[in-house]
Amino acid sequence: MTKTDALEIVKAAREKNERPDLHNANLSGADLSDADLSDADLRGANLTGADLPDANLTGADLRGANLRDADLYGADLARANLRGADLRGIDAETILRAIGVRRD
């Protein structure tokens, strides 16, 4: 699935006041930089190596998602559900900042 495909799904869902449903989507390696995926259902999605810098993932459901080696620099994961998500290969500091933990 491409960025365009994913954003079309998000747009259509928002027009109907529904939660964007991208669960189990294959977004491996997709360029989703600056994408607004807030509150999206991304359960079980494959985001391996996806580019997500500055993406808005606030409130997203990422349970069981594969985010291995994804670029989350500057992404916002506040209130996101990351239970069971594979975050291997992502710098711990990047993850902490994405979920709103500041160590400055």
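Residues numbered from 1 in each chain as written. Predicted model: local features only at pLDDT ≥ 70, side-chain atom pairs only at ≥ 80, totals over all residues. Heavy atoms only, no water.

The next thing to look at is the nonpolar core. Of all hydrophobic cores here, the largest spans 31 residues; its most connected members are Leu32, Leu37, Leu42, Leu52 and Leu62. Looking at this core, the elements with two or more residues in it are α1 (3–15) and α2 (92–98). In this structure Leu32 touches Lys3, Ala6, Leu27, Leu37, Leu47, Asp51, Leu52 and Ala55, once residues within four positions along its chain are discounted. (Core = buried A, V, L, I, M, F, W, Y, C linked by side-chain atoms within 4.5 Å. Buried < 20%, exposed > 50% of the residue type's maximum accessible area, 1.4 Å probe, protein only. Helix = DSSP H or I, 4+ residues; strand = E, 2+ residues; numbered from the N terminus. Contact = heavy atoms within 4.5 Å.)

This paragraph deals with α1. Helix length check: α1 (13 residues) gives 18 Å between terminal C-alpha atoms against 18 Å at 1.5 Å per residue, within 8%. Restricting attention to buried positions, one finds in α1 the residues Ala6, Val10 and Ala13. Looking down the long axis of α1, one finds its buried residues gathered within 65 degrees of arc, a one-sided arrangement. Across α1 from its buried face, at more than 90 degrees, point the exposed residues Thr4 and Glu15. One or two residues past the end of α1 sits Asn17, with phi positive at roughly 55 degrees. (Expected span 1.5 Å × (residues − 1). Arc of directions from axis to C-beta.)

Tallied over the entire structure, the rule returns six salt bridges. The partner of Arg63 in a salt bridge is Asp61, and the shortest N-O contact between them spans 2.6 Å. (Salt bridge = Lys/Arg side-chain N within 4 Å of Asp/Glu carboxyl O.)

Residue placement: Asp86 occurs in the loop between α1 and α2. Of note is the side chain of Asp86, whose polar atom sits 2.7 Å from the side chain of Arg88. Aside from chain neighbours lying at most four places away, what touches Asp86 is Ala65, Asn66, Leu67 and Arg68. (Polar contact = N/O pair within 3.5 Å; in protein donor to acceptor, adjacent residues only side chain to side chain.)

Interpretation note: all reported values are geometric properties and have no functional meaning in isolation.
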